[in-house]
Amino acid sequence: MSKFVLRAQALAVTTTLLLAGGACLADTIKVGAVYPLTGPVAEDGATVLKGAKLAVKLFNDAGEFKGDKIELLVEDGACIPAQSVAAAEKLVSSSKVVALAGAFCSSSTGATMDVALRYKVPMVSGVSTAPNLTERGNPYLFRIQATSQMLADAFAPKMMELAGGKKIAFLVVNDDWGRSIAQYYKTSLERSGAQPVSTQIFDANETDLFSYITNIKRAEPDAIMMAANTQNAVTVTEQLRQMNIKSRLFAEGSFTAKSYYDVVGKKGDGINGLMPYVSTYDSPMSKKFVEMYKAAYGELPNNNAAAGFEELTIITNAIKTSGKIDPQSIRNAIATSTTPGPAGDIKFNEKGQGYGFTVFLTRNENAAPMIEGTAQIAKP
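Here, residues in each chain are numbered from 1, in the same order as that chain's written sequence. Local features in this predicted model are restricted to residues of pLDDT 70 or higher, and side-chain atom pairs are both shown and tallied only at a pLDDT of 80 or more, whereas totals for entire chains, interfaces and linings draw on every residue. The side-chain values count all of the structure's non-hydrogen atoms but skip hydrogen atoms and water molecules.

A. Focus on unusual backbone geometry. Cis geometry is adopted by the peptide bond preceding Ala-103, which originates at Gly-102 and carries an omega value of 5°. For the purposes of this entry, the term helix denotes a DSSP run of H or I that reaches at least four residues, the term strand denotes a run of E that reaches at least two, and both are numbered from the N terminus. Mapped onto the secondary structure, Ala-103 falls in the loop between strand 3 (100–102) and helix 4 (106–119). For Lys-96, which is not glycine, the phi dihedral falls at a positive 60°. Looking at the element boundaries, Lys-96 is found in the loop between helix 3 (81–94) and strand 3. Here Lys-120, not a glycine, exhibits a phi torsion of approximately 55°, which is positive. Mapped onto the elements, Lys-120 comes out in the loop between helix 4 and strand 4 (123–125).

Dropping the structure here:
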């Protein structure tokens, strides 16, 4: 028998053993992430990735699973649903990841979660707030973030108090997240006595928003509720200031991000944010997270950094808790575990919606977010 045949037979035996042993023989545990690394929200996606990498480093440095290391495989979804789906398909079918994180924008998460369901791989979403995501009956999706409806219900009375009047306008990005904010904040604010007077929806790639702002200005609102990630948040702020808008400004999104402040500086002062995390939150876990993040990156973390950190912490905690690295065991551990996060303990209800943590009403002062109010998210 030739040496070539002997080598081929040996390779076949080795391959069979590897397949029989499954993931237990692996030196690395592959976890996938779909984040927007190009396009209008690339800066925010890069920040989420920083947080995710920090959680992976903590797990690997501690040797938490029999010495095996997490290998984080990242694909660019660009907040485009079709691209995000293709990225998730690649990670699950080709790279054989045991869990997914992402995909940032609600529209992309809504498309990508179908991949998780089809392959029965758990997916943890740390940013997407569109309420319908956890109403679709997908047992493999776990959403950390409070929905826009939860944030609106928590802070609507305070928002009306700060607005000093009843007339409310909306200026939001044209995606599932932005449209859900216009819908759910409108309902919650109306219950607190608000009178919606204008809803303006812009596309993420638009750079001239003056026509939308002009329409809002004509309605003379007491307050404006906004939704935008960093690139759009900068444009919105610059053009609102140019048009001398005096309305009280509220926002979800990246109005507290370092990349936002780097451009607008004190032009962002006075804006109230409705945020899932603020680095000034005074809790032991938050202080520890801020210290680690500053040591790693030389800057303070924002809500997007915390989201990436929480996504991977939940996945790695499930691996530790279950003692297994197959997707179903990880999924079951996520569903039943409590994971400490920078904004408090995170649990999930039967629909995969996170609860138990704190959310924040902030006010920008001297290019930094100050906490004006907090609320704890109860079990939905």
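B. Structural detail: the state of the cysteines. By convention in this document, the label disulfide applies to cysteine sulfur atom pairs within 2.5 Å. A complete count under the given rule lists one disulfide for this structure. Disulfide pairing is shown between Cys-79 and Cys-105; the S-S distance is 2.0 Å. Looking along the S-S bond of the Cys-79-Cys-105 disulfide, the torsion reads about 95°, which is the right-handed sense. Residue Cys-79 is found in the loop between strand 2 (69–76) and helix 3, and its partner Cys-105 is found in the loop between strand 3 and helix 4; the two are separated by 26 residues along the sequence. There is no split in this pair, since Cys-79 and Cys-105 are both buried. The buried label applies to any residue whose accessible area, calculated with a 1.4 Å probe on protein chains only, is under 20% of its type's maximum; exposed applies above 50%, and partly exposed to all values in between.

By themselves, these are just geometric observations and shouldn't be taken as functional.
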